[in-house]
Amino acid sequence: MVRIYSLILLFWALFSASVFAQQIELSVDRSELARGETLTLTIRVYDQRQGMQLDLTPLTQDFDVLGTRTSSQIRSINGVTESWTDYVITLFPEKEGDLVIPALSILNQTTDPISISVVNAGPRSNQGNNELYLEIEVNKDSVYVQEQLLFTVRLFYTINGIRNPVFTELDMEDTVTQLIGSPNQYERLIDGERFGVYEKRYVIFPQRSGPLEIPDILFRGEVTDGSSNFVFRNMNTRRVTAFIEGTTIEVKERPATVPRGEDWLPVTGLTLEETWSGDINALKVGDSVVRTLILRAEGLDGAVLPPFSPQKIDGLNLYPDPADISRTFVDGSIVGTRVETSTYVALEAGTIEVPALEIPWWDINADSARTTTLPATRFEVATVEGVLPSEQTVASTQEIQALLAPEPIVDQAMIDAQAEAEVIEIDSGIVRWAQWLVVALVIFLLSALARRRFGALIQQRFAEWRAAQTPEANEKAAYGKLKSACHSGDHKAIRDSLLTWAIHYCASERGGQVRSMEDLVRLSPSPELTEQAKALQSSLFNAQPSSHFDGVQLSALVTRLRKSKRAAARQRQREEKYQLPSLYKS
């Protein structure tokens, strides 16, 4: 009897589950659509009395969920009442090809997947092409590696009230991309019809030769129709989209005529200017003067311009300041500037020659090599007393006949007569006072001369000591400056101080000279430091700072590298100190 009741309860439970399970239907408004169009997915749940939360996360793999809305309906046919709730979801395919709306879990039920096809039908939008469309423009079909490429995307529209515009971000491998300023908004008259234009301009620097594929551009936004909801007073909006296919640019290698060890600067123009803080022709030993050199390149960022100031000049001590690097945009093209300032201290008198500067570059307009030259500068440095060193000659005023005349005969009687002449007597007190006066005058002159000479020497030694404490000459000072910059968050200051510190750190590690971030990436013995340098360089070139770069993390990494290097140096010293001599002399 108990077994019979158990079977009855089991069948009743199964029957209740089948009766009370809510029916769910999925449908799409079309199974084939063009790239740039939207798709409507409807989830209908029958006999639903209240709303529910839908997990739409599986849809985000291939689609962008633009919006959702719900509607409930009840109908009665021949006395049979039926009710349902529709969940209407607007989807935007993020790529073309055969896509699948995956299975969804709704009310403990799993729906069936739905296949759709997205085809490339050219530039399109979910509005009429005369209401909303995209346009892209590049200034060249081919560029050299590291040459600037100007890219522009424009949205044309006749509908009013476009809000929250979103475009595909340009994220291409082996390129440095930067947004030029803020987006522009203006109007343009096309075939007698007035269009609003929303324009974004980019500058792209390819870092590798070969085809550069600029991706398809998708636009998504909202449009207000000017009306509002009567109850909630909010503007009525709808989602709009547009699509245009990308393009391919050929990136050429640097010409074979350009030596590999030479800096590669593909620009439209390059100028070099020089200024001095004072009159260099009035310098004396121990005096200082500041020389400022300004390198300006049309078509490159200032961060990639190489150092160019002389490292050594005979007769002068050089104390360079950190370079001032900047960039501006002129008529949509980037103009990079590198300013190098150095203090020159005269060490010795004589003729000083500041050597000429020659900076080779590639003229992309003429497609030929050019060189910008700054001529050499010569000036005279005087002694501390202000006398220019020169060879002195004594001109004789005697006539040649006088020089050839015979010597006079000595008259001994005249000499004896002069010896017997009366001797003038002088008071001894006056003599002593005269002696003391001469001694005091000699002491005064010697002290004045010592103060002048030793003062210049002390000034020179003090200047040399100060130069030895600068980050350029002292690794500890460079490390302290780098840590301060890392905690300040100023990426430009971090880059400058990192290069200064890396000159001390990497030179002894790999035997090369660090003059730019590219040299640091090439010579760095630490993969972590290489990644930090790449992330920092990317954050400087992009409008939005890279999320991969962290100044605090770089500071901690540099601290670890210094400790490791010092520990290795101490270990080498101990090994050399206690190393046993060879048993056999060679």
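A. How the structure looks around the overall build of the protein chain. Tallying secondary structure elements over the protein chain gives nine helices and 31 strands in all. In the protein chain, buried positions account for 37% of the 586 residues. Considering only intrachain contacts with a sequence separation of at least 6, the fraction spanning at least 24 residues in the protein chain is 68%.

B. Region of the structure containing a positive patch on the surface. A contiguous patch of positive charge on the surface is contributed by Lys 476, Lys 563, Arg 566, Arg 570 and Arg 574. No other element matches helix 9 (residues 551-577), which puts four residues into the positive patch. In this structure, Lys 476 sits in helix 5 (residues 475-488).

C. Representation of the pairing of strand 13 (residues 149-157) in the model. Among the nine residues of strand 13, nine are classified as buried, and the element is accordingly described as predominantly covered. On strand 13, burial covers both faces: Leu 149, Phe 151, Val 153, Leu 155 and Tyr 157 on one face and Leu 150, Thr 152, Arg 154 and Phe 156 on the other are all buried. Strand direction decides the pairing type here: strand 11 (residues 132-138) and strand 13, joined by seven bridges, are antiparallel. Its bridge partner being in strand 13, Ile 136 is matched across the sheet by Val 153. Bridge analysis of strand 13 against strand 17 (residues 193-206) gives nine bridges, and the strand direction is antiparallel. Looking at the pairing, Leu 155 lines up with Tyr 198 of strand 17.

D. Representation of the side chain of Gln 178 in the model. As for its position among the elements, Gln 178 is in strand 15 (residues 175-179). Note on Gln 178: relative accessible area 9%, which makes it buried. One polar contact links Gln 178 to Arg 327, side chain to side chain, over a distance of 3.4 Å.

E. Up close: the sheet that holds strand 22 (residues 266-267). The three strands lie next to each other as 22-29-30, forming an open sheet whose pairing is mixed. Edge positions in the sheet fall to strand 22 and strand 30 (368-374), since each has one partner strand and no second. Where strand 29 (residues 357-363) lies against strand 30, seven bridges are found, and the strand directions are antiparallel. Its bridge partner being in strand 30, Glu 358 is matched across the sheet by Thr 373.

F. Focus on the environment of Glu 353. Structurally, Glu 353 is set in strand 28 (residues 350-354). Looking at Glu 353, the relative accessible area reads 41%, which means it is partly exposed. Sequence-wise, Glu 353 and Glu 380 are 27 residues apart; in three dimensions their C-alpha atoms are separated by 8.9 Å. Not counting chain neighbours up to four residues away, the residues in contact with Glu 353 comprise Ile 313, Ala 376, Thr 377 and Arg 378. A distance of 3.4 Å separates a polar atom in the side chain of Glu 353 from a polar atom in the side chain of Arg 378.

G. Here's a closer look at unusual backbone geometry. Positive phi, close to 75°, is recorded for Gln 146, a residue that is not glycine. Examined against the element boundaries, Gln 146 turns out to sit in the loop between strand 12 (142-144) and strand 13. Residue classification places Gln 146 among the partly exposed positions, given a relative accessible area of 28%.

H. Main features of the side chain of Arg 254. Counting through the fold element by element, Arg 254 comes out in the loop between strand 21 (247-252) and strand 22. Glu 262 is the oppositely charged side chain nearest to the buried, salt-bridge-free Arg 254, at an N-O distance of 5.9 Å. Side-chain polar atoms of Arg 254 contact the backbone oxygen of Pro 259, separated by 3.1 Å. Looking at Arg 254, its side chain comes within polar contact range of the main-chain oxygen of Glu 262, at 3.0 Å. When near neighbours in sequence (up to four residues on either side) are disregarded, Arg 254 contacts Tyr 144, Val 145, Pro 259, Arg 260, Glu 262 and Trp 264.

I. The arrangement of the sheet that holds strand 9 (residues 114-119) in detail. Strand order in the open sheet made by the three strands is 2-9-6, with mixed pairing throughout. Of all the strands in the sheet, just strand 2 (32-34) and strand 6 (97-101) have a single pairing partner and so form its edges. Across this sheet, the average inter-strand angle for adjacent strands is 30°, counted without regard to direction. Two elements, strand 2 and strand 9, share three bridges in a ladder whose sense is parallel. When the sheet's bridge partners are listed, Leu 33 is paired in strand 9 with Val 118.

J. Quick peek at the packing of aromatic side chains. In the structure shown here, the tally under the stated rule is 12 aromatic pairs. Between Tyr 144 and Trp 362, the aromatic rings sit 6.1 Å apart at their centres with planes inclined by 75°, giving edge-to-face as the arrangement. Taken together, the residues span a long stretch of sequence, with Tyr 144 in strand 12 and Trp 362 in strand 29 at a distance of 218 residues. Put simply, the rings of Tyr 133, Phe 156 and Phe 195 touch in pairs and so form one group of aromatic residues. Above the ring of Tyr 144, the side-chain terminus of Lys 252 is found at 4.2 Å from the ring centroid.

Quick notes on the rules
- Residues numbered from 1 in each chain as written.
- Predicted model: local features only at pLDDT ≥ 70, side-chain atom pairs only at ≥ 80, totals over all residues.
- Heavy atoms only, no water.
- Helix = DSSP H or I, 4+ residues; strand = E, 2+ residues; numbered from the N terminus.
- Buried < 20%, exposed > 50% of the residue type's maximum accessible area, 1.4 Å probe, protein only.
- Contact = heavy atoms within 4.5 Å.
- Patch = residues over 30% accessible without salt bridge, like charges linked within 9 Å, V, L, I, M, F, W, Y side chains within 5 Å.
- Areas by Shrake-Rupley, 256 points an atom, 1.4 Å probe, with all protein chains shown as cover.
- Salt bridge = Lys/Arg side-chain N within 4 Å of Asp/Glu carboxyl O.
- Lys, Arg positive; Asp, Glu negative; His and termini not counted.
- Charge placed at Lys NZ, Arg CZ, Asp CG, Glu CD.
- Pairing = 2+ DSSP bridges.
- Polar contact = N/O pair within 3.5 Å; in protein donor to acceptor, adjacent residues only side chain to side chain.
- Axes fitted to C-alpha atoms, helices over the stretch in contact; angles between N-to-C directions.
- Phe/Tyr/Trp six-rings, centres within 6.5 Å; stacked < 30°, edge-to-face > 60°.
- Lys NZ or Arg CZ within 6 Å of the ring centre and 35° of its normal.

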